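One letter stands for each residue in the lines below.
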Amino acid sequence: MSTYTIPVGPLHVALEEPMYFKVEVDGETVRSVDITAGHAHRGVEYLTTKRSIYQNVTLTERICSLCSNSHPEAYCMAIETIAGIELPQRAQYLRVIAGEIKRIASHLFNVAIQAHLVGFDSLFMHVMETREIMQDVKETLFGNRMEIGANTIGGVRFDLDADGLAYLDAQLARLQPILDDIITHYRTNRSFIDRTRGIGVLTHAQALDCGVVGPVARASGIAYDVRVKAPYNAYDRLDVPVQTGTDGDVWSRAIVRLSEARVSIDILRQCAADLPAGETGPRERQIIPAGQTVAKCEAPRGELIYYVKTDGSPNPERVKWRVPSFMNWGALTLMLAEAKVADIALIVNSVDPCISCTER
Amino acid sequence: MSFLKVLFRNLISGPSTDPFPFGETFTPKALRGRVVYDASKCTSCRTCEQVCIGGAIRFDNTPDGRRFLLWHDTCTFCGLCVFYCPQDALEMTTDWHLSHTQDEKFKMVEHGLMPKAACAACGAEYVAVAPTAKAFAGYEPTPEEVEELRQYCPRCRRKEAAKIAAAHPPAIAADPDTPEQGQS
């Protein structure tokens, strides 16, 4: 029997963002995959050098809407290291709060899409409805559903008073039982398990070879989390249990994301309880000296690394970022090997690819 | 089968979406919506123009005075201008009703004018931007004393501020037990 080639993408009903897969199939089985990137390239990296260091806080936030807190967070961390700015204690906790709220919303979005791709649309609607709780939290605390604008160089732009903390606590109390219920559905529902278990397997050894990060690595049994390995902000004072899986399949990755969302609720509660009083950061700009540094943080999709070089002028000389999806989509060729054509979309979504981040 | 419980609960609780546009929708107080500008507070320092990534904010000089323009169709509603404005001249409202037809697109602008005036001391024509407490070099003026400077041109402002500051010599700590201010 001869093989033939199916193009999946760049515009495809099952893909959320433009990405082109040239899939060589033999009957129903995938024989090889060729991934072509570049369909969402907007030249943002070049643009950062044409904008001022302070303008770039907003620009980096708009690279991608799901990781829209992690990009400016890592960028601000890099600029703060160059300028020797120490983050106030309160701002460190507030940054964690912003990051974890975004993480819950991002993970719920991905597992919802996973249910949709399985064909279980009622579950998709249910998870998206649950995610709305976090969307409302973002809108209430930060003023926008996606671009929360929490970070600024040297601090944060928002503050939580007693009302804000009480609101956050009430919403978490509302979310927690529903999320626990959702985790049970993903763990026990036959329709979901039958389509996702043993599909798109990335073994522990393969995961190490590919250098995957984030929930993809943790689902393959690699307990790597920047929040624990290289704590930033207030993470060294918080209890962050790393969630790992063993099977490295589509199901494990969904469960790791759901468990992480559950852990994020606990982290948010710890932050709310320990939140120190004090300043949240300067409201004046300062001159950033020449220097270069690397900063990293744990975005919802994994380790996000920023390299920033400044020359003492208002604009940065170079800003470069290595996004988690860049590491994770390389592993797709291994995950898609010998997969069925009907599972391609499921497997692609299980690495939670962020094309906007990767191709900027 | 446990998912049937969720479906049953949804049947009872009804739609979870807002009835917009036939009813009110969720609009929290912190929502970053349309920006409003108060020309009477603005010192024309242009911080907002410098932090705006979209280039939505412009200042230009007209025969009537200095004009502030905020182009809402280019604004990303990030709120950096509001955050860094030292005078609180910019404010974000919760008004998110920004959809408009093509012929209204040039009206989605926030305008403000800092008018030209004649200096009360030297008579020269100047743009009457808001005065700041910074001009008083060390002395903490009252809001009335700051406001008084508005009628003077920049050069006369410095003179008038110096006069007011000179009339209030800095209090020398007579009591040696009093801790010094400004030490960290």
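Here, residues in each chain are numbered from 1, in the same order as that chain's written sequence. All chains are assigned letters beginning with A, and all ligands numbers beginning with 1, in the order in which they are written. It should be noted that, the model being predicted, local features are given only for residues of pLDDT at least 70 and side-chain atom pairs only at 80 or more, the latter also being counted only at that level, while totals for whole chains, interfaces and linings use all residues. To get the side-chain values, take all heavy atoms of the structure and skip hydrogens and water.

Before going further, it helps to spend a moment on the overall build of chain B. A count of helices and strands for chain B gives 5 helices and 6 strands. Going from N to C terminus, chain B has its helices and strands arranged as α-β-α-β-β-α-β-β-β-α-α. Taken over the C-alpha trace, chain B has a radius of gyration of 25 Å; the compact-globule value for 184 residues is 16 Å, which it surpasses by more than 25%. Along the first, second and third principal axes, the C-alpha set of chain B runs to 80 × 55 × 25 Å. In chain B, which comprises 184 residues, the proportion classed as buried is 36%. Surface exposure here means Shrake-Rupley accessible area, sampled with a 1.4 Å probe, where a residue is shielded only by the protein chains that are shown. Accessible surface computed for chain B: about 11900 Å², of which carbon and sulfur atoms make up 56%. Averaging the positions of the 20 positive and the 23 negative side-chain charges in chain B gives two centres separated by 7 Å. Note on conventions: DSSP H or I runs of at least 4 residues are helices, E runs of at least 2 residues are strands, and numbering of each starts at the N terminus. For the radius of gyration, the atom set is restricted to C-alpha positions; the globular benchmark scales as 2.2 Å times the number of residues to the power 0.38. When accessible area is computed with a 1.4 Å probe and restricted to protein chains, residues below 20% of their type maximum are described as buried, those above 50% as exposed, and intermediate ones as partly exposed. The sign given to each residue is positive for Lys and Arg and negative for Asp and Glu; His and the chain ends receive no count. Charge placement uses NZ in Lys and CZ in Arg. For Asp and Glu, CG and CD serve respectively.

Turning our attention to the sheet that holds strand 5 (residues 109–118) of chain B. All names here are of chain B. Pairing between strands is defined by DSSP: at least two bridges between them are needed. Pairing within the open sheet is antiparallel, and its 4 strands lie in the order 2-3-5-6. Of all the strands in the sheet, just strand 2 (57–62) and strand 6 (125–127) have a single pairing partner and so form its edges. The mean inter-strand angle of the sheet, taken between neighbouring strand axes irrespective of direction, is 20 degrees. With 3 bridges joining them, strand 5 and strand 6 adopt antiparallel strand pairing. Across the sheet, the residue bridging to Ala117 is Tyr126, located in strand 6. A fitted line through C-alpha atoms represents every axis, and for helices the fit uses only the stretch in contact; the resulting angles, taken between N-to-C directions, go from 0 to 180 degrees.

Okay, unusual backbone geometry next. As a rule of thumb, non-glycine residues mostly have phi less than zero, and peptide bonds are mostly trans rather than cis. Going from B:Phe20 to B:Pro21, the amide bond is cis rather than trans, its omega being 5 degrees. If you check the backbone angles, A:Asn233 has positive phi at about 45 degrees while not being a glycine. Relative to the helices and strands, A:Asn233 resides in the loop between helix 10 (226–229) and helix 11 (250–274). Overall, A:Asn233 belongs to the buried group, its relative accessible area being 12%.

Next up on the list: the nonpolar core. Residue and element names in this part refer to chain A. One finds Tyr75, Ile101, Met134, Ile153, Tyr186, Leu238 and Tyr306 to be the most contacted residues of the largest nonpolar core, which totals 100 residues. The greatest single-element share of this core, amounting to 16 residues, is contributed by helix 4 (residues 89–118). Contacts are assigned to residue pairs that have any heavy atoms within 4.5 Å of one another. Setting aside anything within four residues of it in sequence, one finds Tyr186 in contact with Val111, Ala112, Ala115, Leu123, Val127, Phe192, Ile193, Trp251, Ile255 and Leu258. If you look at the next biggest cluster of nonpolar residues, it comprises 27 residues, including Met19, Ala40, Ile199 and Val250. As used here, the term nonpolar core means buried Ala, Val, Leu, Ile, Met, Phe, Trp, Tyr and Cys residues forming a set that is joined through side-chain atoms within 4.5 Å.

Bringing the domain arrangement of chain B into the picture now. Residues and elements named next belong to chain B. Domain start and stop points were drawn from an automatic or database domain assignment. Entries for chain B in the domain assignment read domain 1 (29–114) and domain 2 (119–168). The partner domain 2 presents 7 residues to the 8 residues of domain 1 that form the contact. When the buried surface of domain 1 facing domain 2 is broken down by residue, Ser40, Thr43 and Met114 rank first, second and third, together holding 59% of it. Salt-bridge detection follows one rule: a side-chain nitrogen of Lys or Arg within 4 Å of a carboxyl oxygen of Asp or Glu. Along the contact surface separating domain 1 from domain 2 lie 0 salt bridges. A 3.5 Å cut-off defines polar contacts: any pair of N or O atoms within that distance qualifies, except that in protein one atom must be a possible hydrogen donor and the other a possible acceptor, and neighbouring residues in sequence count only when both atoms are side-chain atoms. Scanning the region where domain 1 abuts domain 2 turns up 2 residue pairs in polar contact (both at pLDDT 80 or more). Counted by class, the side of domain 1 that touches domain 2 contains 2 nonpolar, 4 polar and 2 charged residues. Note on definitions: buried area is the accessible-area loss of two parts on being combined, 1.4 Å probe, summed for both. Residues are grouped as follows: Ala, Val, Leu, Ile, Met, Phe, Trp, Tyr, Cys and Pro are nonpolar; Asp, Glu, Lys and Arg are charged; all remaining types, including Gly, are polar.

Moving on, we get to the packing of helix 4 of chain A against helix 11 of chain A. Two quantities define a packed helix pair, namely the angle between the helix axes and the distance between the axes. Residue and element names in this part refer to chain A. Packing of helix 4 against helix 11 leaves a shortest axis separation of 9 Å and a crossing angle of 155 degrees. In terms of orientation, helix 4 lies roughly antiparallel with respect to helix 11. Crossing of helix 4 against helix 11: the hand is left-handed. In this structure, helix 4 contributes Tyr93, Val96, Ile97, Glu100, Ile101, Arg103, Ile104, His107, Leu108, Asn110, Val111 and Gln114 to the contact, and helix 11 contributes Val250, Ala254, Arg257, Leu258, Glu260, Ala261, Ser264, Ile265, Ile267, Leu268, Cys271 and Asp274. Residues belonging to the contact of helix 4 with helix 11 are distributed by class as follows: 15 nonpolar, 4 polar and 5 charged. By the definition adopted for this analysis, an angle is roughly parallel if under 35 degrees, roughly antiparallel if over 145, roughly perpendicular if from 65 to 115, and oblique otherwise. Note on convention: near helix rotated counterclockwise from far helix by under a right angle means a left-handed crossing. Clockwise means right-handed.

On the chain B side, the residues contacting the 32 residues of chain A number 26 residues. Between chain A and chain B, a total of about 2500 Å² is buried, with carbon and sulfur atoms accounting for 52% of that surface. Three residues, A:Arg157, A:Arg283 and A:Arg285, lead the burial of chain A against chain B; their summed loss comes to 26% of the area buried on that side. Our count for the contact surface shared by chain A and chain B stands at 1 salt bridge. Between B:Arg9 and A:Asp181 there is a salt bridge, and its shortest N-O distance comes to 3.9 Å. Within the residue set of the side of chain A that touches chain B, elements represented by two or more residues are helix 2 (55–61), helix 5 (121–142) and helix 6 (162–188) of chain A. The dominant element in the side of chain A that touches chain B, judged by the number of residues it contributes, is helix 5 of chain A, at 8 residues. Counted by class, the side of chain A that touches chain B contains 10 nonpolar, 11 polar and 11 charged residues.

Let us look at the side chain of B:Thr47. Turning to its location among the elements, B:Thr47 is positioned in helix 2 (residues 47–51). Those residues in contact with B:Thr47 that lie beyond four places of it in its chain are A:Arg285, B:Tyr84 and B:Pro86.

pLDDT is defined as a per-residue confidence score from the predictor, taking values between 0 and 100. Residues of chain B with pLDDT of at least 70 account for 91%, and the chain-wide mean is 83. Two summary scores accompany this predicted model of the complex, namely pTM at 0.87 and ipTM at 0.83.

With that out of the way, let us pick up the packing of aromatic side chains. Stacked, edge-to-face and tilted labels apply to pairs of Phe, Tyr and Trp rings (six-membered ring for Trp) whose centres lie within 6.5 Å, assigned for plane angles under 30 degrees, over 60, and everything in between, in that order. As enumerated under the stated definition, the model contains 12 aromatic pairs over all chains in all. On the numbers, 5.0 Å between centres and 65 degrees between planes, the contact of A:Tyr232 with A:Tyr235 is edge-to-face. By relative accessible area, which is 6% here, A:Tyr232 ends up buried. Note on A:Tyr235: relative accessible area 4%, which makes it buried. Residues B:Phe83 and B:Tyr84 carry aromatic rings whose centres are separated by 4.9 Å and whose planes lie at 80 degrees to one another, so their mutual orientation is edge-to-face.

Moving on: helix 5 (residues 154–167) of chain B. Residues and elements named next belong to chain B. Expected span of a helix: the number of residues minus one, times 1.5 Å. With 14 residues, helix 5 extends 20 Å from end C-alpha to end C-alpha; this agrees with the ideal 20 Å at 1.5 Å per step. Among all positions of helix 5, only Cys156, Arg157, Glu160, Ala161, Ile164 and Ala165 are buried. Each element contacted by the buried residues of helix 5 is listed here: strand 6 and helix 4 (143–148).

Attention now moves to the sheet that holds strand 6 (residues 291–299) of chain A. All names here are of chain A. Ordered by their spatial adjacency, 3 strands build an open sheet running 6-7-8, and the pairing between neighbours is antiparallel. Sheet topology places strand 6 and strand 8 (316–322) at the edges, where each strand pairs with a single neighbour. In this sheet, neighbouring strand axes are inclined to one another by 15 degrees on average, regardless of whether the strands run parallel or antiparallel. The pairing of strand 7 (residues 302–310) with strand 8 spans 6 bridges and is classified as antiparallel. Note that in strand 8 the partner of Tyr307 across the bridge is Lys320.

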